[in-house]
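The chain contents come next:
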Amino acid sequence: MEADSMTMAIVAAFLVSLPVLYRLLFASAGNKTSRKALPPGSFGLPVVGHTLSLLRALRANTAEDWLRRRAAAYGPVSRLSLFRYRTAFLVGPSANRFVFTSPALTTMNSEAFSRMVGRRTVRDVVGDEHARVRAMMVQFLRLDAVKRHVAGMDAEVQRHLDSHWRGRGSVAVMPSMKTLTFDVMSTVLFGLGMSRDGADVRRELSAEFQQLVQGIWAVPLNLPFTRFSRCLAASRRGRRAVAGVIEERRAKLEQGESSPADDIITHMLSKGLPDEEITDNVMFLMVAAHDTTAALITFLLRHLDANKDAYAKVLQEQEEIARRKAAGEALSWDDLCRMRYTWAAAMETLRMVPPAFSMLRKALQDVEYGGYVIPKGWQVMYSTNMTHWSPAIFPDPGRFDPARFEDPSAIPPYGFVPFGGGARICPGNEFAKVETLVTVHHIVTRFRWKLAAGCDGSFSRSPIPYPSQGLLIDIEPIDHGNTSR
Ligand code: HEM
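In this text, all values refer to a predicted model and were calculated from it rather than measured experimentally.

Regarding the overall build of the protein chain
Right, so step 1: A tally of regular secondary structure across the protein chain gives 19 helices and 12 strands.
Right, so step 2: Considering only contacts in the protein chain between residues 6 or more positions apart, those separated by 24 or more positions represent 74%.

Structure, rendered in structure tokens:
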């Protein structure tokens, strides 16, 4: 009897607990993410994680191999720890699509970048606020606005070549292109033109930004003698200079001496954006707009030097355009539309040496990708290089072949992403294209060049690619008889 009552008690207890058990089982089946595993990999050493190892690889230009080894070991989704964040590293076109379009992810910058550039940039804001600030920039960057600046860019490029290339035997291309792209951007977007005041501010800002960009992915240790502390000091000086420009623009606007259409700063003031946010966005644009395009032009020249067939085709295309122009006549939008092969060569350069090596996002909630869960708060990193060097998308990826881009529709969606994608796609891509084509036109039609002795064309990343010796080339002017070109 005792045994029977014991059995009945157990059965009764089991029956009573059934609904609870059912709820527990049902709840965990419904919450799929909690059943998924974290991506394979490891978080590496405490605190430093993989940060120093990746930064070392970037500087040695072995970061591609570094990432490739991870993907070979763990597959297209893996975990690691970077800049003190748990990070999911994703590879391939479908990963790119996920990163660019998932509402569960938001943009994020490295800590060093945020401390130098600001935390209220266009990349930091979301939703309607993002759309509002982005629209203020796009006003000056969309195609019809950029078309109006072709002649102005042409003048700036010619002025630069006259003062930095003409009469010289050799030129370090990357520093020269950084100065040029900074000047073009300052004039066209910020109205810091050729007046004495404008040129002074430009020079001051340019020097600070050359320093600042070296710290974008630095370890954010503000101790004496660290790279980061030098970059932070440059950022403070840069911000003071930008604040001065904002004050001057406000005074002009209030006195009716300027219009919101004049430049981005006046436009942002007229839309009531707080000063702090204008400063952050100007700092952001100055970083985003000049080094990236300088890298594109520099590496395009490097590839043309190494690929004589491509160089011959670019030269022929550009000489045909030059022949149609009167002496001293600026390039027009129609001329740029004829530069199809040159732009294909530029895209092939963006494929092989994308200026933005990788971008970061942050998970706003637990999110699944590729059969794994990426927990809320994790960083998500995609790699432009890994996609662009995939033999499945670009056969024989180490070969420079502009013909790949003669029919862009042959490239699978999200297979070529130098400007990102989705709502955050780079709004400066048309600006960069026009600036690159105008510059290449004047360089190839005015100068012949070859790498200087001892300059091997190798490069490192921080994370923008930078060639050794700045890509030192020997130049020789092309004799055009009695034309001024
Ligand atoms: C070859 C030159 C350039 C390259 C390769 C490049 C690349 C990129 C990339 C990869 C992104 C991030 C996309 C993402 O988060 O997924 C970006 C964002 C951005 N770029 Fe560019 N960029 C270039 C030139 C420019 C120029 C010339 C400007 C402005 C004049 C500019 C302004 C911006 C802005 C404002 C954003 C932030 C967009 C947002 O968050 O809504 N970029 N760029």
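Here the narrative resumes.
Let's talk about the site of the ligand
Right, so step 1: Looking at the ligand, there are 24 residues lining it, with Ala289, Thr292, Gly420, Cys426 and Gly428 nearest.
Right, so step 2: At the level of secondary structure, the elements contributing two or more residues to the shell around the ligand comprise helix H7 (127-141), helix H14 (275-306) and helix H19 (429-446).
Right, so step 3: Residue contributions to the shell around the ligand peak at six residues, all from H14.
Right, so step 4: Split by residue class, the shell around the ligand holds 16 nonpolar, five polar and three charged.

Notes on H7
Right, so step 1: When the terminal C-alpha atoms of H7 are compared, their 20 Å separation across 15 residues agrees well with the 21 Å that a helix rising 1.5 Å per residue should span.
Right, so step 2: Where H7 bends most, the angle comes to about 30 degrees, and this point is Ala135.
Right, so step 3: For H7, the complete set of buried residues consists of Val133, Met137, Phe140 and Leu141.

What to know about the confidence of the model for the protein chain
Right, so step 1: Per-chain confidence: the protein chain averages 90 in pLDDT, with 91% of residues scoring 70 or above.
Right, so step 2: Within the model, pLDDT remains below 50 along residues 18-33, and this stretch shows five contacts once partners closer than five positions in the same chain are excluded.

Some details on unusual backbone geometry
Right, so step 1: Omega for the peptide link from Ser462 to Pro463 comes to -15 degrees, which places this bond in the cis form.
Right, so step 2: Its identity is not glycine, yet Phe225 carries a phi of approximately 75 degrees, on the positive side.
Right, so step 3: Relative to the elements of secondary structure, Phe225 occurs in the loop between helix H11 (196-212) and helix H12 (227-254).
Right, so step 4: The exposure class assigned to Phe225 is exposed, which follows from the 6 C-beta atoms found within 10 Å.
Right, so step 5: Even without a glycine there, the phi angle at Leu471 is positive, about 60 degrees.
Right, so step 6: Within the secondary structure layout, Leu471 lies in the loop between strand S11 (465-467) and strand S12 (472-477).

Overview of the packing of helix H15 (residues 308-323) against H19
In helix packing, the relevant descriptors are the interaxial angle and the interaxial distance, both defined with respect to the helix axes.
Right, so step 1: Contact pair H15 / H19: the axes reach a minimum separation of 9 Å and the direction vectors enclose 95 degrees. With respect to H19, the axis of H15 lies roughly perpendicular. On the side of H15, the interface is formed by Val314, Leu315, Gln318, Glu319, Ile321 and Ala322, while H19 contributes His441, Val444 and Thr445.
Right, so step 2: Looking at the contact of H15 with H19 residue by residue, the class counts come to five nonpolar, three polar and one charged.

Comments concerning the environment of Thr349
Right, so step 1: Relative to the assigned elements, Thr349 resides in helix H17 (residues 340-352).
Right, so step 2: Contact partners of Thr349, with chain neighbours within four places excluded, come to Leu296, Phe299, Leu300 and His303.

Things to note about helix H4 (residues 63-74)
Right, so step 1: Taking 1.5 Å as the rise per residue, H4 with 12 residues should run 16 Å; its terminal C-alpha atoms sit 17 Å apart, in good agreement.
Right, so step 2: Taken as a whole, H4 has its buried residues at Ala63, Leu67 and Arg70. The buried side chains of H4 occupy one side of the element, clustering within an arc of 55 degrees when seen end-on. More than 90 degrees from the buried face of H4, the exposed residues found are Asp65, Arg69, Ala72 and Ala73.

Examining the nonpolar core
Right, so step 1: Counting 87 residues, the largest nonpolar core has Ile265, Leu285, Met286, Val287, Leu296, Leu300 and Val434 as its most contacted members.
Right, so step 2: In terms of residue count, H14 provides more of this core than any other element does, 17 residues in total.
Right, so step 3: Those residues within four positions of Ile265 in sequence are excluded, and the remaining contacts are Phe190, Val245, Ile246, Arg249, Ile278 and Val282.
Right, so step 4: Core analysis: the second largest hydrophobic core is formed by 31 residues, Leu67, Phe83, Ala363 and Val367 among them.

A few points about the pairing of S12
Right, so step 1: Bridging between strand S4 (residues 170-172) and S12 involves three bridges; their strand directions are antiparallel. Pairing of Ala172 across the sheet is with Leu472, part of S12.
Right, so step 2: Inspection of the sheet shows strand S9 (residues 447-451) paired to S12 by five bridges, in the antiparallel sense. Within S12, the residue paired with Leu451 across the bridge is Ile473.

With respect to the environment of Glu208
Right, so step 1: Of note, Glu208 is situated in helix H11.
Right, so step 2: When near neighbours in sequence (up to four residues on either side) are disregarded, Glu208 contacts Ala234, Arg237 and Gly238.

Brief notes about the sheet that holds S9
Right, so step 1: Taken in spatial order, the three strands of this open sheet run S4-S12-S9, and their pairing is antiparallel. On the outer flanks of this sheet lie S4 and S9, each paired with one strand and no other. Shown here is a sheet whose adjacent strand axes are inclined to one another by a mean of 35 degrees, direction ignored.

Remarks on the packing of helix H9 (residues 150-164) against helix H10 (residues 173-190)
Right, so step 1: Where H9 meets H10, the closest approach of the two axes is 10 Å, and the angle between their N-to-C directions is 145 degrees. In this structure, H9 meets H10 at a crossing whose hand is right-handed. Contacts between H9 and H10 involve Gly152, Met153, Glu156, Val157, His160 and His164 from the first element and Ser176, Leu180, Asp183, Val184, Thr187 and Val188 from the second.
Right, so step 2: For the contact of H9 with H10, the per-class residue count stands at five nonpolar, five polar and two charged.

Criteria and thresholds
Residues numbered from 1 in each chain as written. Predicted model: local features only at pLDDT ≥ 70, side-chain atom pairs only at ≥ 80, totals over all residues. Helix = DSSP H or I, 4+ residues; strand = E, 2+ residues; numbered from the N terminus. Contact = placed C-beta atoms within 7 Å. Near = placed C-beta within 6 Å. Nonpolar A, V, L, I, M, F, W, Y, C, P; charged D, E, K, R; others polar. Expected span 1.5 Å × (residues − 1). Bend = angle between axes of the 7 residues up to and from the residue. Buried ≥ 20, exposed ≤ 12 C-beta atoms within 10 Å, placed from the backbone. pLDDT = per-residue confidence, 0-100. Axes fitted to C-alpha atoms, helices over the stretch in contact; angles between N-to-C directions. Parallel < 35°, antiparallel > 145°, perpendicular 65-115°, else oblique. Arc of directions from axis to C-beta. Core = buried A, V, L, I, M, F, W, Y, C linked by C-beta atoms within 7 Å. Pairing = 2+ DSSP bridges. Left-handed = near helix turned anticlockwise from the far one by under 90°.

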